[in-house]
Each structure stands twice: as structure tokens, then as C-alpha cells.
Amino acid sequence: MNTAIDMRGLRKEFIVHKKTGRLKRAKKVIPAVDGVDLTVEHGEMIGYIGPNGAGKSTTLKMLTGVLTPTSGHVRTCGLEPVPQRLRLTRRIGVVFGQRTALWWDLPLRESFHLLRHVFDVPAADHAARLARCRSLLDLDAFMDTPVRQLSLGQRMRAEITASLLHGPSVLFLDEPTIGLDVVSKQAVREFLAELGEGGDLTLVLTTHDLSDIERLCRRLVVIDHGRVVHDGSLDELHARYGSRRQVIAEFDDPWDDAETPPGAVAVRDAEDPRRVTFSLSNGESGAGELVADLARRGLRDVSIVEPDIERVIAKLYAEP
Amino acid sequence: MVSRLRAYRALLVAQIRGQAQYRASFVMEMVGQSTYTFMDFAAVLVLFRVTPAMGGFGLWQVLLISGLAICGFSAADLAVGNVEQLRQYVRTGLLDAMLIRPRRVLPQLLAIDFQLRRVGRVVFAVVLVAVACAHVGVDWTWWRVLLVVGTPIAAAVFYAGIFVLTASVAFWWIDSGEFANSFTYGGREFATYPITIYGSVFRRVFAFGIGFAFISYYPALAIMDTPDPLGMPAWFGALGPAAAAVMTAIAALVWRTGLRHYEGTGS
Amino acid sequence: MRMMLALMRSGFRRYSTYRQATAAAAATNTIFGMLRCYVLLATAVAATTTVGYDVPQLSTYVWVGQGIIGVVMLWGPAELAEKVRTGQVVSDLLRPVNPIWTYLATDLGRAGFSCLTRLVVPVAFGAIFFPFYWPRHWWTYGLFACSLLAATGICFAIRHLVNLSAFWLLDIRGITTAWLLASGIGSGLIFPIDFLPGPAAAALKFGTPLPSIVQFPADVLVEHGGAPGQLQRVALQFGWVVVCLAAAFAVQHRATRRLVVQGG
């Protein structure tokens, strides 16, 4: 049983011409992907994230057979993407956030119909998959609308459906929730989560949306300047940067530092001495224990703040 | 194989249906196409208003040459004309959408915008050839019948090769697309007239180097049983299929190389 | 006024960066120039009449004509139509100046650049390798410049009108094809309009702006019809500039109203 994705020492260099004067031009080699090693097993749900220009889209293009690597080893579903493109495309689904894979001028229904022919999908399978997507993604309202008239949210739901009709085993999504309104984002996210949890579809997602990451990515691969800088779960990421959960408590009386329970760091609020922020160190007693402890000391109000993904990721991106 | 044909047929049918949606534009384009067809040979007529002969040939002789060239060009335009859009698709990134489907790129490109209405021009050109033959007075032998039927086919394949070859340039240089017109539309203009009117260098490049003389001029001479003022042997009229084969081979090679280059550099 | 000059300069600079496209276009013009030149020269050999053009004039007519279509941009990219399709045109319409002036200024800048490249290349090629007619009177150059300017204005207005049709038609390919055909023959590109039967030629010359775009400037340069002929043509051209620009303004006004009333 081969792995869904296997990349070893993958490199992609682009040659850029820069003007160095009125008539001369200098060639510069830019490594968009600079030695990426990554293995993904079937059924995993991974987030492939990084700052703009980090090499995410380039990697995705190399995995899906759209771009040839400069050097290195890459296999998707055990196949070499570019040379075996025609075979590979039957096993993978790709959703480009910015470009469409549908037919612009035709009603949505027609696009789905055409895709059945293009991918040679048996009619029964196609109908079953389409019906499932239609109900889960609520497509019925605009099945007969030409694609160019769809809103972004509608189009994205259609694109995801289109990518699944031939029953791929790996689904690549390049910024699928970009520009979507809250409702559409949630619909897409929930749909993808359900798909992934089924276990028979491998999901590879690039995104900037932090809620996407939280909801969908059990494994997070962070790429920066063409290299992998983190490969693990979200919790591991928090641990790496020492981000902590916080409990913000309000008391009847000003807080006395001496009363701080062990395992928590207390910071009194500058303006209101009755308001204290407790930071819990990872792995130590959960918030429940702390709150129960504080309740015995005149606790009036409490709120729990999860570690800030944004800050952690920003820290990660900011590293040289 | 059958599934492949079914796929493309579905694509074509959907395209034609999609086009009929833009009714006003569709009607205008149909009118435009018929006008195009008329214009194809109208220029020749106008020129013969002021002169009795061009390059040593009379009106109907020139019209026979034109007819063969236009027939081939229009048929090629009908079949592979849409490959010109490659430039647009590369620029907008739509080509990537084609690469994630389990089909070859060129057929997808052609099926995406199939213009059935261009058939009118082919039919018209065929009629023109027939009428010209009648006026010129052809001494029909089996060989000549074969020529008059086979030459437009060879010309169509030849022009199709040129269309694909010149469109492939978009894989390397997006902005040079206009230059391709010199060989597609320019090639059609060139083959519309007897090659005796051209200067020697120009003629050597276009007529013999690229091969435009073999798909209209020389077959026409053979059909009319007229000796070549340039002194070439009569069997030159049979070289149409050979020229078409060579052009197709070159076009296929360049296209494949171009696609590989595109996959190497992305968009 | 200063804005116009600034826009002209930016148009000039912008097009000067399209090196590849300009080179390709100039090369295309050269090849088509050869084609048309040989055809017309062959016509002249046995011709019963060439309606007032001698051989060098015919040849120069072709070469200048090829240069002119680059300067006036006879068949240009449907930029405005694309903007209408994506809705971006709204940002242009929201500016305090009528966009026709801004587009025109940019286009004039582009035309200026094209004079240095797309006009010079075919003319130089033609002058070197083909029979060439050099103007005999000093005023021809001045008149030619005016004529070219007018032609640019007319062509701009017509192209703008073609693009504006995108407000009403989703797909402007039909109109674009119609323009391609009409301009191909009507502007005198394939043969001088006078080759046509008298009434047809007169109808085109006086009833349509088409010959004013390519034929008239070329005629002015080869001094067809002498000084009176030159002046007549330039006058007719300036008449058409006014008419065409007025039409462009009118149609744009209606298009804007349609956009505001109906939505994008």
C-alpha cells in the first residue's frame, strides 16, 4: 500500500530576469521550493501553510502534475505526477481557489454532466456522489445558473463538488475558503471535516484562515522560504512556542499574589486589582482545577482564553 | 477509445448549445461568417476589375488556386482554429484546469470552443473550386479528379499543422502571438495567388521552404494541365500530402515540446 | 490639460515596455506588407488602370498602410470590454473626468510610441527593398502628421464604441468580427478603395469613416491627387473625428446611465 504523498528533497527553481540598467537584464535563480521532505499516509488530513510566497502553491502544482520539479523525488498515490499525469488525474481531485475548473458559460448542471464524461465515471457512482454533495452543500438552489453568475461562496461549493465526482482518493485544496462569507466558510469547513473523518479520503489543504486550521488540520506542515519549518500537530506547535491557556478571573477583593496556586502564573490587571490573568503551563492541571481553586477565594467572574494561533503562527513566519 | 469519443462529443454538444445562448451575438457572427466567406474571394474579383491577368494567369485560373487554398484553410480553421486561444488560456491560468483532467490538452482546447458555423466557408470554397474548374475547362482524368478532391484535404491538414505550430509559441512567449498570424492568415493570403507574382527570396521561403505552393498552386497547375512558368516539373502537383505530413510531424513535435516547457516553468 | 499630457506620457511609457509584442507586431506588418505589395505590383503589371497610382506609389501605399495600422491600432485588445465584464469599469466611471479623455490621452501616447516603432519598421523595410515614392513637397510631411493624428482619433472612437457594446451584449465577438471585416476592406488595407466601382468607392469614402483611417493618410503621403486631393482628405478626416468622438460620448453616456439604473 503506497503512501498518498511522498516527497524527498523536492526542489523547484525559477529563473527571473531583473533589469539592471536600461538595456541589460540579469538572470536570477529563485528557489521557490528548497528541499522539501514530506510523507503523508492515506486518510490523513494535513494543513500545508506558510506565509505568502513560501512555496505552497508551487508544491501543490508539483504534486498534481501541473509543474515539473527541478530535482528531487515526488510521488502522489505512488505515481510520478507529470509523466503519469493522465493516470494520476483520475485518482486525485484538485480545487484551485482562484481559478475555476468549471465551464464558465454553461449552467452548473452541465458542468457536472461534462465532468462525468471527461473522467469516465460510471453513471450510478456519479449520480450518488452528486446527490450527496447536493444535499450536504445545498446546491439545488443554483444548479441551473451559469457558473459565471454564481457568487464566490456558491462557486466554491460547486468546485469542491466537481473535484469529488470521480471519487478521488486524495483531495488537494488551494485556499478553498478565501474570500468566502462566514456562512459559506462554515459550510465548506464542515463538509470537508466530515469527508476527512470518513478515513478513506486524504485531504491536503493550503490556507491562511486560522479557523480552517483549527477545525480541519490534525497535522500541520508549515513551509517558509521553500522549506518545512514545522511538521506536527497544532498542540505541538503551541508547545514549541510555549503558548499557554489563560484564565481571566474577577474577584470581590483585590488579589494577593501570595495566594496564587502552584503551577500558574498570575498577572494582576494594571487598572483593576481585582482582575487577574492566570497563565497555565502546558501539561499541568487543567483549567477546571484552577477555577475550582479560585472559586473558594471569592471568584466573581471567569473566562478562559485559548492560546492564540495567530500569534504562534506569526512567530513562526517571522523566524528567519 | 469509445469513451474518449463520447467525452469529446459531449463537450462539443455542450459548447454549441452554450454558444446559441448568446443569440444576438450568434446571429451577428453568422452574418459575419458569410461575409468573411464572400470577402475571401471578393478581393480577387476587385483586383481583376483593373487588370486582366495576375502573374500571367487569368481570373478563373486564379480563382481555382484561391478556391483550393481557401477550402483547406477554412476546413483547418473549423477543426483546429480554436488552438489560437492557447495564449489566453496560458495567461489566465485556465490551462492548469485542463492539466488536472485525465485528457490530453490539445483535444480539450479544441473542444472547448467548437464553431460549427464555420462550415459555411468550407462549403462555399468547394463550390468555388467546382465553378472555377468548369470555367477553366478541365480535361478530367482519374488523376485530376483525385487531385481536386485530395488537395483541399491535404491543404486542410497542412494548415491545421501551421495553426498548432504557431499557437505553440504561446508556451514560450505569450506576447508574440501576433507574429503567428503571418503564417496562418498570411499563409492563406499567400496561397490564394499564383506564386509567380512574388519576389524570388520571398517565394523561396514561403512557397517552397514552408510549402504553401504545394497545397494550391502546383495542384491547380496539374489540374489545369498548364506548365509552370517557373519551370518546375509537373509532378510537383502531387506533393500536397507530403507537405501536409511533414508539417503535421513538425507541429506535433513542437506542441509536445512546448507543453513540456510549460510544465517546467508554470504560469 | 496637464493631466492629458501626463497620461500621454504614461501611455507612451507603458507601451514601450511591451518589447516582445511590438517586435512581433512589426515583423507581422512586414510580412503582410510584402504579401500585399507583391499582389498590388502584380496587378499593376497588366493593369488597364491603376486609378492614379504609379508603381512606386502603390508600393509605398502598402508599406505606409502597414505602418499606419500599428499607429492607429486598427485591431486592438478589448480592454474596456474586459473591464465591463469584470465590473472594473465602475472605478473608471467614478472618476471626475470623463473616461473618454483619459483613454484618448493614453491612446495618443501609445500612438506616439508606435510611430517610432511600428511605423518606422515597415516603411524602412519597404524603402530599402521595394520601389518607393518619396514625397516631393515639403508640406506633405506636415499634412501627413495631421492626417495620422486624425486617423488615430477616429480609430480610437470606433474601437471605444465597439468596446462599449459590451454594456449591452455579453459577448462582443460578433461586433468585433464585423469591425474586423469592415475595417479590413473598407479602410483601404487590401487595395485602394478606388479599385472598387465608382459608386461603391464614393459611398465608402464620403459615407463612412473607414477609409479615413488608413487610406487617406497613406494617400496624403504618396501625394495622390496632388495638394487639393491631400487637403480634401484631411478635411474629411477631421469631420469624421468630430462625428465619431461625438458618437462615442453619446453612447458612453447611455451606457453609464444603463449601468447606474440597472446595476452591473
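Residues numbered from 1 in each chain as written. Chains lettered and ligands numbered in written order. Predicted model: local features only at pLDDT ≥ 70, side-chain atom pairs only at ≥ 80, totals over all residues. Heavy atoms only, no water.

Caption draft 1: Geometry of the overall build of chain A. When helices and strands are tallied, chain A shows ten helices and 13 strands. Taking contacts inside chain A between residues at least 6 apart in sequence as the whole, the part at least 24 apart equals 69%. For chain A, the exposed surface amounts to about 15100 Å²; the carbon and sulfur share of it is 48%. Each charge class in chain A can be summarised by its mean position, and for the 43 positive and 46 negative side chains these summaries are 12 Å apart. (Helix = DSSP H or I, 4+ residues; strand = E, 2+ residues; numbered from the N terminus. Contact = heavy atoms within 4.5 Å. Areas by Shrake-Rupley, 256 points an atom, 1.4 Å probe, with all protein chains shown as cover. Lys, Arg positive; Asp, Glu negative; His and termini not counted. Charge placed at Lys NZ, Arg CZ, Asp CG, Glu CD.)

Caption draft 2: Up close: the overall build of chain B. When helices and strands are counted, chain B shows twelve helices and zero strands. In sequence order, the secondary structure elements of chain B are arranged as α-α-α-α-α-α-α-α-α-α-α-α. Against the compact-globule benchmark of 18 Å for 267 residues, chain B has a radius of gyration of 20 Å, which places it among compact chains. By the burial criterion, 56% of the 267 residues in chain B qualify as buried. For chain B, the exposed surface amounts to about 10800 Å²; the carbon and sulfur share of it is 68%. (Rg over C-alpha atoms; globule rule 2.2 N^0.38 Å. Buried < 20%, exposed > 50% of the residue type's maximum accessible area, 1.4 Å probe, protein only.)

Caption draft 3: Spotlight on the environment of L220(A). Residues and elements named next belong to chain A. Structurally, the position occupied by L220 is in strand 8 (residues 219-224). Looking at L220, the relative accessible area reads 1%, which means it is buried. Between the C-alpha atom of L220 and that of S233, which follows or precedes it by 13 residues, the distance is 5.5 Å. Dropping the residues within four chain positions of it, L220 is found in contact with G47, I49, I213, H230, D231, G232, L234 and L237.

Caption draft 4: Focus on the interface of chain B and chain C. Facing 40 residues of chain B, the contacting portion of chain C comprises 36 residues. A buried area of about 3300 Å², summed over both sides, lies between chain B and chain C, and 72% of it is on carbon and sulfur atoms. For the pair chain B and chain C, the interface holds two salt bridges. With its nearest N and O atoms 3.8 Å apart, the salt bridge here joins R118(C) to E178(B). For the pair chain B and chain C, the number of links is eight residue pairs in polar contact (both at pLDDT 80 or more). Put simply, the parts of the chain that give the side of chain B that touches chain C at least two residues each are helix 2 (23-50), helix 9 (177-192) and helix 10 (200-210) of chain B. Examining the composition of the side of chain B that touches chain C, we find that 13 residues originate from one element, helix 2 of chain B, more than from any other. (Buried area = accessible area lost by both parts, 1.4 Å probe. Salt bridge = Lys/Arg side-chain N within 4 Å of Asp/Glu carboxyl O. Polar contact = N/O pair within 3.5 Å; in protein donor to acceptor, adjacent residues only side chain to side chain.)

Caption draft 5: A look at the sheet that holds strand 8 of chain A. Residues and elements named next belong to chain A. Taken in spatial order, the six strands line up as 5-6-7-3-8-9 in an open sheet, and their pairing is mixed. Since the sheet does not close on itself, it has two edges, and those belong to strand 5 (92-96) and strand 9 (227-232), each with one partner. With direction set aside, neighbouring strand axes in the sheet form an average angle of 15 degrees. Strand contacts of helix 6 (residues 182-198): strand 3 (45-49), strand 6 (170-174) and strand 7 (202-206), with the helix running at about 130 degrees to strand 3, the strand carrying the most contacts. Running over the sheet, helix 10 (residues 309-318) touches strand 3, strand 8 and strand 9 and is turned about 35 degrees from strand 8. (Pairing = 2+ DSSP bridges. Axes fitted to C-alpha atoms, helices over the stretch in contact; angles between N-to-C directions.)

Caption draft 6: Fine view of the environment of L110(B). Residues and elements named next belong to chain B. Position of L110 among the secondary structure elements: in helix 6 (residues 105-111). The exposure class of L110 is buried, given its relative accessible area of 17%. It is 34 Å that separates the C-alpha atoms of L110 and L45, two residues lying 65 residues apart in sequence.

Caption draft 7: Fine view of the sheet that holds strand 12 (residues 275-280) of chain A. Residue and element names in this part refer to chain A. Within the open sheet, the four strands sit side by side as 11-12-10-13. Their pairing is antiparallel. Each end of this open sheet is capped by a strand with a single partner; those strands are strand 11 (264-268) and strand 13 (299-305). Along the sheet, successive strands turn relative to each other by an average axial angle of 25 degrees, direction set aside. Bridge analysis of strand 11 against strand 12 gives five bridges, and the strand direction is antiparallel. Of the residues in strand 12, the one forming a bridge with V267 is T277. Along the sheet face, helix 9 (residues 287-295) touches strand 10 (245-251), strand 11, strand 12 and strand 13 and points at about 15 degrees away from the line of strand 10.

Caption draft 8: Structural detail: the pattern of salt bridges. Within the structure shown, the criterion is met by 32 salt bridges over all chains. Two residues, R144(B) and D225(B), come together in a salt bridge whose shortest N-O distance is 3.5 Å. Of the two residues, R144(B) is situated in helix 8 (residues 142-168) and D225(B) in the loop between helix 11 (217-224) and helix 12 (240-265); the sequence distance between them amounts to 81 residues. The class for R144(B) is buried, based on a relative accessible area of 10%. Note on D225(B): relative accessible area 56%, which makes it exposed. Connected via shared salt-bridge partners are R11(A), E13(A), D34(A) and R227(A).

Caption draft 9: Structural context of the side chain of T30(C). All names here are of chain C. With respect to the secondary-structure elements, T30 resides in helix 2 (residues 19-45). Accessibility expressed as a relative area gives 10% for T30, which makes it buried. Separated by 2.8 Å, the side chain of T30 and the backbone oxygen of A26 make a polar contact.

Caption draft 10: Main features of the confidence of the model for chain A. When pLDDT is averaged across chain A, the result is 85; 96% of the residues are at 70 or more. Per-element confidence in chain A ranges from a low mean pLDDT of 76 for strand 11 of chain A to a high of 93 for strand 6 of chain A. (pLDDT = per-residue confidence, 0-100.)

Caption draft 11: Just unusual backbone geometry, in detail. Residues other than glycine seldom take positive phi values, yet C77(A) does so here, at roughly 50 degrees. As for its placement among the helices and strands, C77(A) is situated in the loop between strand 4 (71-76) and helix 2 (85-88).

Caption draft 12: Up close: the side chain of T3(A). All names here are of chain A. Note on placement: T3 falls in the segment before strand 1 (5-19). Classification of T3 as buried rests on a relative accessible area of 19%. Aside from chain neighbours lying at most four places away, what touches T3 is T39, V40, E41, H42, C77 and G78.

Caption draft 13: Just helix 3 (residues 55-72) of chain C, in detail. Residues and elements named next belong to chain C. With 18 residues, helix 3 ought to run about 26 Å at 1.5 Å a step, and its terminal C-alpha atoms sit 26 Å apart, in line with that. Across the 18 residues that make up helix 3, a large majority, 16, are buried. For helix 3, the N-terminal capping position is held by D54, with its side-chain oxygen 2.9 Å away from the main-chain nitrogen of Q57. A positive backbone phi angle near 55 degrees is found at M73, which sits one or two residues after helix 3. (Expected span 1.5 Å × (residues − 1).)

Caption draft 14: Structural view of helix 3 (residues 59-80) of chain B. The terminal C-alpha atoms of helix 3 of chain B lie 31 Å apart, and with 22 residues this matches the ideal 32 Å at 1.5 Å per residue to within 8%. Helix 3 of chain B sits mainly inside the fold: 17 of its 22 residues count as buried.

Caption draft 15: Quick look at the packing of aromatic side chains. Taken as a whole and assessed by the stated rule, the structure comprises 40 aromatic pairs over all chains. Centroid distance F208(B) to F214(B): 6.2 Å. Interplanar angle 65 degrees. Geometry classified as edge-to-face. By relative accessible area, which is 11% here, F214(B) ends up buried. For the pair F125(C) and F129(C), a centre-to-centre distance of 4.8 Å together with 50 degrees between the ring planes defines the contact as tilted. (Phe/Tyr/Trp six-rings, centres within 6.5 Å; stacked < 30°, edge-to-face > 60°.)

Caption draft 16: Focus on the confidence of the model for chain B. Across chain B, the average pLDDT comes to 86, with 92% of residues at or above 70. For chain B, the element scoring lowest by mean pLDDT is helix 1 (residues 2-21) of chain B, at 70; helix 8 of chain B scores highest, at 93.

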